[in-house]
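Fold and contact review
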Amino acid sequence: YSSSEAVIRAGQRLGGVSSLLVTGWVVPRFIRDWAYFAVARNRYSWFGRTDMCAMPDPGVRKRLYPQL
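A few points on the structure. (Residues numbered from 1 in each chain as written. Predicted model: local features only at pLDDT ≥ 70, side-chain atom pairs only at ≥ 80, totals over all residues. Heavy atoms only, no water.)

Below, the discussion takes up the overall build of the protein. Per the secondary structure count, the protein includes three helices and zero strands. In the protein, the order of α-helices and β-strands from amino to carboxyl end is α-α-α. For 68 residues, the compact-globule estimate of 2.2 N^0.38 gives 11 Å, and the C-alpha radius of gyration of the protein, at 16 Å, exceeds that figure by more than 25%. Across its three principal directions, the C-alpha atoms of the protein cover 45 × 30 × 20 Å. (Helix = DSSP H or I, 4+ residues; strand = E, 2+ residues; numbered from the N terminus. Rg over C-alpha atoms; globule rule 2.2 N^0.38 Å.)

What follows is the structure, given as structure tokens:
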């Protein structure tokens, strides 16, 4: 899957609030993809950019990686 279809399918798999992305199926693909690429093109100006990924604190790390 790619572009907007990947986002919708990820929302399906994640469940919860993310499952609201499934409503995107009613929007024509060319509009969904236009919106997807508009967000991709502007994401750094809207959300900022960091030099490194944030390391999770020990509590979050334990939930994400219980086997470690």
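That covers the picture; the talk isn't over yet.
Let's shift gears to helix α2 (residues 29–47). Its 19 residues give α2 an end-to-end C-alpha distance of 25 Å, which sits within 8% of 27 Å, the value for a rise of 1.5 Å per residue. Every buried residue of α2 is accounted for by Arg32, Asp33 and Ala38. In the core, the buried residues of α2 are packed alongside α1 (3–14). Positioned one or two residues after α2, Gly48 has a phi angle of 85 degrees, which is positive. (Expected span 1.5 Å × (residues − 1). Buried < 20%, exposed > 50% of the residue type's maximum accessible area, 1.4 Å probe, protein only. Contact = heavy atoms within 4.5 Å.)

This paragraph deals with the environment of Ser2. For Ser2, the location among the structural elements is in the segment before α1. Taking C-alpha positions, Ser2 is 9.4 Å from Asp33, a pair spaced 31 residues apart along the chain.

This part takes up a nonpolar patch on the surface. Nonpolar side chains collect at one region of the surface, where Val7, Leu21, Tyr36 and Phe37 lie side by side and expose about 330 Å² of accessible area between them. Here Val7 lies in helix α1. Taking relative accessible area as the criterion, Val7 reaches 33% and is therefore assigned partly exposed. (Patch = residues over 30% accessible without salt bridge, like charges linked within 9 Å, V, L, I, M, F, W, Y side chains within 5 Å. Areas by Shrake-Rupley, 256 points an atom, 1.4 Å probe, with all protein chains shown as cover. Salt bridge = Lys/Arg side-chain N within 4 Å of Asp/Glu carboxyl O.)

Here we take up the pattern of salt bridges. Applying the stated criterion across every chain, the model contains three salt bridges. Taking the shortest distance from any N to any O, the salt bridge between Arg9 and Glu5 comes out at 3.4 Å. Residue Arg9 and its partner Glu5 are located together in helix α1, separated by four residues, close to a single helical turn. A relative accessible area of 29% means that Arg9 is categorised as partly exposed. Here Arg29 ties to Glu5 by a salt bridge, and the two come within 3.1 Å at their closest N and O atoms. Taken together, the positions of Arg29 in helix α2 and Glu5 in helix α1 put the pair 24 residues apart, joining distant regions of the chain. For Glu5, a relative accessible area of 15% puts it in the buried group.

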